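# Per-entry structural report
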Amino acid sequence: MAAVQDTVEQVRSIDVDQYKYGFETLIESEKAPKGLSEEVIRYISAKKEEPEWMLQWRLDAYARWLTMQEPEWARVDYPTIDYQDLYYYSQPKQFKAPKSLDEVDPEILKTYAKLGIPLREQEILAGVEIPEGERPRIAVDAVFDSVSVATTFKEELKAAGVIFMPISEALREHPDLVKQYLGSVVPPTDNYFATLNQAVFSDGSFVYIPPGVRCPMELSTYFRINEKNTGQFERTLIIADKGSYVSYLEGCTAPMRDENQLHAAVVELVVLDDAEIKYSTVQNWYPGDAEGKGGIYNFVTKRGDCRGKNSKISWTQVETGSAITWKYPSCVLRGEGSSGEFYSIAISNGRQQVDSGTKMIHLGKNTTSRIISKGISAGRSNNTYRGLVSAHRKAAGARNFTNCDSLLIGDNCGAHTVPYIEAKNPTAQFEHEATTSKISEDMLFYCMQRGLTQEDAVALVVNGFVRDVLQQLPMEFAVEAQKLISISLEGSVG
Amino acid sequence: MRQRHGVDARHKAGHDGFQNDAGLGPAALTFPPGPAVAHQRTPHMLEIKNLHARIGDNEILKGLDLTIPAGEVHAIMGPNGSGKSTLSYVLSGKPDYEVTEGTATFNGQDILALAPEERAAAGVFLAFQYPIEIPGVANMQFLRAAMNAQKKARGEEEISTPDFLKLVRAKAPDLGITQDMLRRGVNVGFSGGEKKRNEILQMALLEPKLCILDETDSGLDIDALKVVAQGVNALRAPDRAMLVITHYQRLLDHIVPDVVHVMHKGRIVRSGGAELALELEESGYAAYGQDAA
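What counts and how
Residues numbered from 1 in each chain as written. Chains lettered and ligands numbered in written order. Predicted model: local features only at pLDDT ≥ 70, side-chain atom pairs only at ≥ 80, totals over all residues. Heavy atoms only, no water. Phe/Tyr/Trp six-rings, centres within 6.5 Å; stacked < 30°, edge-to-face > 60°. Helix = DSSP H or I, 4+ residues; strand = E, 2+ residues; numbered from the N terminus. Buried < 20%, exposed > 50% of the residue type's maximum accessible area, 1.4 Å probe, protein only. Lys NZ or Arg CZ within 6 Å of the ring centre and 35° of its normal. pLDDT = per-residue confidence, 0-100. Contact = heavy atoms within 4.5 Å. Salt bridge = Lys/Arg side-chain N within 4 Å of Asp/Glu carboxyl O. Polar contact = N/O pair within 3.5 Å; in protein donor to acceptor, adjacent residues only side chain to side chain. Nonpolar A, V, L, I, M, F, W, Y, C, P; charged D, E, K, R; others polar.

This next bit is on the packing of aromatic side chains. Under the counting rule described, the total for this entry stands at 24 aromatic pairs over all chains. An angle of 40° between the planes, with centres 5.2 Å apart, marks the rings of W65(A) and Y192(A) as tilted. Here W65(A) is found in helix α3 (residues 52-66), whereas its partner Y192(A) is found in helix α8 (residues 192-200), with 127 residues between them in sequence. Accessibility classification places W65(A) together with Y192(A) in one group, the buried group. For R214(A), the ring lying beneath its charged end belongs to Y245(A), and the centroid distance is 4.1 Å. A cation sits over an aromatic face here: K94(B) above Y89(B), 4.4 Å from the ring centre.

Right under this line is the structure:
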């Protein structure tokens, strides 16, 4: 109830232009030469002081990428991307990997403070004293353009045996772990954007949870694209060893710019026996203006491998930003009795285009999966759910439940559902439910007759629509997501 | 989309067509006092003069006059298509209904100039003939959001969670509203009777000044009808007016009106006491050119 009130408050306080993360941090940066070439890749690898095998891995991917075609099957439409007109690496000038928070550029700290991301562990942002114990205990890795600028709670995590650090650092400190798992879920040949990422990825987070450890706090990475004409290509790798558990959160924002920017990330999850990863995303990249000018192209490959018996992966995503979203967080259910979940809220407004969904690939016996997808289209946007549920020959007793609901606001938007179902084992049971509805005038009038303003009424109805998914998010995120949803839909009616 | 109706509606000097029965305006009628009639006539709470309204090109209200003093319960009866529901929508501000002529004041204020939520905050409540389902929004949450929205609009303090729970616990059982119905989505999976009872619960919590009940009896069996009627009767008060729209006399056995109006082709064509409803039950609407069915 209180959360609804918050939403209502939030909606009221919004100005006409609602993207509040659209500011730019003025900071000098050092970039790789424009364009993509072997030299640029060598430059990135050298900057990161990477081992030789890593460089070779990148160069192989690049060679591969040159032979590949950009995929065209998604229901999205955009002008051809000139890959030679982008910067592939940008870091704040005079950047040295900070040893402590005191070494982080104050301008960058200010940026995160403005975004509401607590990087300071001891000091309190915005001058509000929060008593010990009430402070949200979330460890943050902050990625600014191509580099990780700060990671918090390092010591405490280390004591628990948890490794949480920028992937570039992990390559130096834990090369064997990285080498063992990197690319094992999303192979170099996977798809155009993943292969590009492999060639040029700059930074991202690395997480390893040792056997039997329940990670003592939420881990989170906060991605910020600041620099112009710069792509962000982060790579995240999370390994949950036997019997461990981790909840990981990811947030994204970018300044408002007239030109489109490319974000092509890869996330790999590996879950061993009886372990679980809960991965939550609140994606709020700049969506472009109402006419579709500017905004982020979000072409992301996310995949988890339930490698062990009874392992579990749960993806939850709230997608409100980006001009184009192309993203299918998936689960490979390899281990016997493993399970995958996908909870998604995808909102499109203005001229945004969303083509998102999931793949649940049942390979092992008695594997289960659950898909709850809520798409909301407003303005002149297009929102597509695209999902695959497949059962391999050996996946006896595989079960899936899919529920896919679309909500339309206004008359100029589109909602599309493209489910693929393949069952090669006769004992597989797949259920698919789908609905498409419209926020009707009658619904709004009913609310308004009871005293709610139109904005409140829309927020209420939409929050009801997405409730099943919001409940999956960790608490702090759920409140933020709820606000974000209302903001994203501001001005969508009337 | 938010529609504000014209404020400059013109008064017409007189109006043609049907006169009220015996040439008396409703205000001039004197009846034996009903159960909740105030001892002294307060100023008219609702005053509608020569109201014309249409939806698209279809004019439905064609010069309607109606006056309801505070403390009274007025019933509007009439054949299908006479414009009863339209009147309730026009008074509550449903979009798509356009007022082309006439005025409607509520406690002296031009309500046609207000947005629907402003009318609600001013105290206009419509119990819907077909209450709307809102999936995923718990009934309790909706009730509280509505209550606080109105309080806020009136500059009052919002109700605290414990006070709100207390209030709901005090009012829900009389209407047979269970905890389960309060937890479920608004009207989702409710039977016809449950939906109507839920409307009355909202009315009881929001404590409006003008209650418009649009065919609240439709789809109710006799037991449900009694529960609803009791709920409505409990809300009769000297500072509250009610407009009960119904097709059948049966509801009026349980909610005894002070005045009964007959509506036909977008106008009030006859007004009388509670006995008028009985008379109509006998003769049907045939006298008005239509069958009662």
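That shown, we press on.
Here the focus is the confidence of the model for chain B. Keep in mind that low pLDDT regions are not for reading the predicted coordinates in detail. All names here are of chain B. When the pLDDT values of chain B are averaged, the result is 85; 84% of them are 70 or greater. Within the model, pLDDT remains below 50 along residues 1-41, and this stretch shows 74 contacts once partners closer than five positions in the same chain are excluded. Here the complex is predicted with pTM 0.77, and the ipTM for its interfaces comes to 0.85.

With 26 residues of chain A in contact, the opposing surface of chain B contributes 37 residues. In this assembly, chain A and chain B are joined by two salt bridges. Here chain A and chain B share 11 residue pairs in polar contact (both at pLDDT 80 or more) between them. Counting only elements with at least two residues in the side of chain A that touches chain B, the list comes to α1 (2-12), α9 (441-449) and α10 (454-465) of chain A. With eight residues, α9(A) is the largest single contributor of residues to the side of chain A that touches chain B. In terms of residue class, the side of chain A that touches chain B is built from 12 nonpolar, seven polar and seven charged.

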